[in-house]
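Survey of secondary and tertiary structure
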Amino acid sequence: MRLTTVAQMALPQGTLHSYAVRATIDPSREVPVSFDQGRHVGHGDRPGSWMAVAFRLPVAADRDALADAWQRTIARHGTLRTVFSLDAGRVRLHEASVDGGTWRTHDVPGTTRDALRGLLDAECRPFAAPSYLLAVVEPEPDAADARPVVVLASDHSHVDMWSLLILAHDVRAALEGETTDAAPAAPFADHTRALAAMPDTPPEITERWNEILRAGGGRMPVFPLPLGDVSAPVEAIVEVRDVIDGMQLRSLEERARARGIRVIALAVSELARLFRDLADAPLRAVFPVHSRGEARWRDSVGWYITNAVLEVTDPEPSAAAAAIDEAVRLGAYPLAPIFDRFGHVPPAPGMFAISWLDMRRMPARIDPALEPQYVSAVLPTDNVMIWFIANETGLHLRCRYPDTPTARESVGGWLDALTVRLAAAAASEPVAG
């Protein structure tokens, strides 16, 4: 599974098709809006708020069969049958009936990537009805690989990265005739209700959040190296790197097991050491954690991600492991009542976030032979976000940061050093400095 963007994804030149269904709101069937959905949709209707998964079909596309598979997938997942609206400044969410479906062929005046980007920016928006789309690229007749590329995209309000993998799995399974009698997945709205019904947050969790926000001047953590002028978002640089291969990752995991910790703790330990060396600062970052704690959510599509904060003041691996455990505990409690207590917590220019996803632990997988890709939109940014993906082929990263001369030097150099350190850690070689 590759992490990429719509501007950098592997996509053949060819014919671009999309399959558009219709969603009609039922005003009598309102469902709750989650904290993260409300924050995301509350920023308004806009392009570039989507995320997608792409993969090859093993044979030439039968578009009727693909449309049927997509409709079956929509029927399984409640969040794909809901639509957002804005009522006097308040975000609302209603169930909707989804029907129809029309194949369209789109002009490709330049690259297929540019045409796909324009299509998804136009249709996968927060208030679109629906805010998701199935697209297919059929390669040109003389292409070395004739397999069509399927793209499943949705506004982020309805999906997380895990959800995209579920969508790809469900479509593939439906194409192969495996889901004729598949039961509906648990609706995401039930998860929102379950969070709202949780007991009060323990005082120690609230106090820890208070400490975190005080340390950041009332805001979330920022990248500790200089970024230049990011008072307003600027064009983004997105770097995709292969950090270590599969054998090196297994070596790093053996080192972690010998210490009684997971491989993520060794990676975070190296991150913390690097920030001490480069900035004389602790590692402090927004740290997304999933909230699929119950079995019923594991094959459900929705925004099952909440934000915690990872703070590592001691770079020793055991201390890094303890810091990760603490971040997971922070993420186990709903953010809405915590942030309500502290008032509005605005995103800070230069905010820093770290995401870690181990594909080998996921309940559904895509055959690597289908060349799967996680695809993000391209937008200006004022922050630094790094995603790590672990899979059978190794450890990979994608990093998005502002395209300023200062950030190119500081973030680019940081990524160079981080890659060297992680490779050295996997090889058990000492690293100077």
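These lines cover the structure that appears in this document, whether it is placed above or below. Just so we're clear, the structure is a prediction, and the values are computed from it rather than from any experiment.

1. Considering the overall build of the chain
A tally of helices and strands in the chain yields eleven helices and 14 strands. Relative to the globule expectation of 22 Å for 433 residues, the C-alpha radius of gyration of the chain, 22 Å, shows essentially globular dimensions. Seen through its C-alpha atoms, the chain measures out along the principal axes to roughly 60 × 55 × 40 Å. Within the chain, the fraction of its 433 residues that count as buried is 53%. Across the chain, every contact between residues at least 6 apart in sequence was considered, and the portion connecting residues at least 24 apart equals 80%. When the accessible area of the chain is evaluated, it comes to approximately 18,400 Å², of which 51% is carbon and sulfur surface.

2. Quick word on the pattern of salt bridges
This model, assessed by the stated rule, comprises 35 salt bridges. Here Arg29 makes a salt bridge to Glu95, at a shortest N to O gap of 2.5 Å. Separated by 66 residues along the polypeptide, Arg29 in strand S2 (residues 14–31) and Glu95 in strand S5 (residues 90–106) bring together distant segments of the chain. Sharing partners across several salt bridges, the network here consists of Arg208, Glu211, Arg284, Glu311 and Glu326.

3. Details of the pairing of strand S11 (residues 352–358)
With seven of its seven residues buried, S11 lies for the most part within the structure. Residues Phe352, Ile354, Trp356 and Asp358 of S11 are buried on one face, and the alternating residues Ala353, Ser355 and Leu357, pointing to the opposite face, are buried as well.

4. With respect to the sheet that holds strand S12 (residues 373–376)
The eight strands are arranged S1-S12-S3-S7-S6-S2-S5-S4 in an open sheet whose pairing can be described as mixed. Both outer strands of the open sheet, strand S1 (2–5) and strand S4 (82–87), are each paired with one neighbouring strand and no more. The average undirected angle you get between the axes of adjacent strands in this sheet is 25°. As paired elements, S4 and S5 share six bridges and run antiparallel to each other. In the sheet register, Leu86 faces S5, and the bridge partner there is Val91. Each of S2, S5, strand S6 (132–139) and strand S7 (149–155) is contacted by helix H2 (residues 63–76), which is oriented at about 155° to S6, the strand it contacts most. Packing of helix H3 (residues 112–123) onto the sheet brings it into contact with S2, strand S3 (50–56), S5, S6 and S7, and relative to S6 it is tilted by some 165°.

5. Some words on the packing of helix H6 (residues 203–215) against helix H9 (residues 317–330)
Across the interface, H6 lies against H9 with an axial gap of 10 Å and an inter-helix angle of 115°. When the interaxial angle is binned, H6 and H9 end up roughly perpendicular. Between H6 and H9 lies a crossing of left-handed hand. Note on element contacts: H9 touches H6 through Glu326, Arg329 and Leu330, opposite Ile205, Arg208, Trp209 and Ile212. Its residues placed into classes, the contact of H6 with H9 shows four nonpolar, no polar and three charged.

6. A look at unusual backbone geometry
Omega for the bond connecting Ala129 with Pro130 falls within 30 degrees of zero, at 5°, which places this linkage in the cis form. By the element assignment, Pro130 lies in the loop between H3 and S6. Positive phi, close to 55°, is recorded for Ala88, a residue that is not glycine. Structurally, Ala88 can be placed in the loop between S4 and S5. Classification of Ala88 by relative accessible area gives exposed; the value is 84%. Even without glycine at this site, Asp280 takes up a positive phi of about 50°.

7. Quick look at the packing of aromatic side chains
Going through the model one piece at a time under the given rule, you end up with 13 aromatic pairs. When the ring of Trp209 is compared with that of Phe339, the centres are 5.5 Å apart and the planes differ by 80°; the resulting orientation is edge-to-face. One end of the pair, Trp209, is in helix H6; the other, Phe339, is in helix H10 (residues 335–342), and 130 residues separate them in sequence. An aromatic cluster is built from Phe223, Phe275, Phe352 and Trp414, whose rings are joined through pairwise contacts. Note that Arg63 overlies the ring of Trp103, its terminal NZ or CZ placed 5.6 Å from the centroid. One Lys or Arg, Arg398, reaches over the ring of Trp387 and ends 4.2 Å from the middle of that ring.

Criteria and cut-off values
- Residues numbered from 1 in each chain as written.
- Predicted model: local features only at pLDDT ≥ 70, side-chain atom pairs only at ≥ 80, totals over all residues.
- Heavy atoms only, no water.
- Helix = DSSP H or I, 4+ residues; strand = E, 2+ residues; numbered from the N terminus.
- Rg over C-alpha atoms; globule rule 2.2 N^0.38 Å.
- Buried < 20%, exposed > 50% of the residue type's maximum accessible area, 1.4 Å probe, protein only.
- Contact = heavy atoms within 4.5 Å.
- Areas by Shrake-Rupley, 256 points an atom, 1.4 Å probe, with all protein chains shown as cover.
- Salt bridge = Lys/Arg side-chain N within 4 Å of Asp/Glu carboxyl O.
- Pairing = 2+ DSSP bridges.
- Axes fitted to C-alpha atoms, helices over the stretch in contact; angles between N-to-C directions.
- Parallel < 35°, antiparallel > 145°, perpendicular 65-115°, else oblique.
- Left-handed = near helix turned anticlockwise from the far one by under 90°.
- Nonpolar A, V, L, I, M, F, W, Y, C, P; charged D, E, K, R; others polar.
- Phe/Tyr/Trp six-rings, centres within 6.5 Å; stacked < 30°, edge-to-face > 60°.
- Lys NZ or Arg CZ within 6 Å of the ring centre and 35° of its normal.

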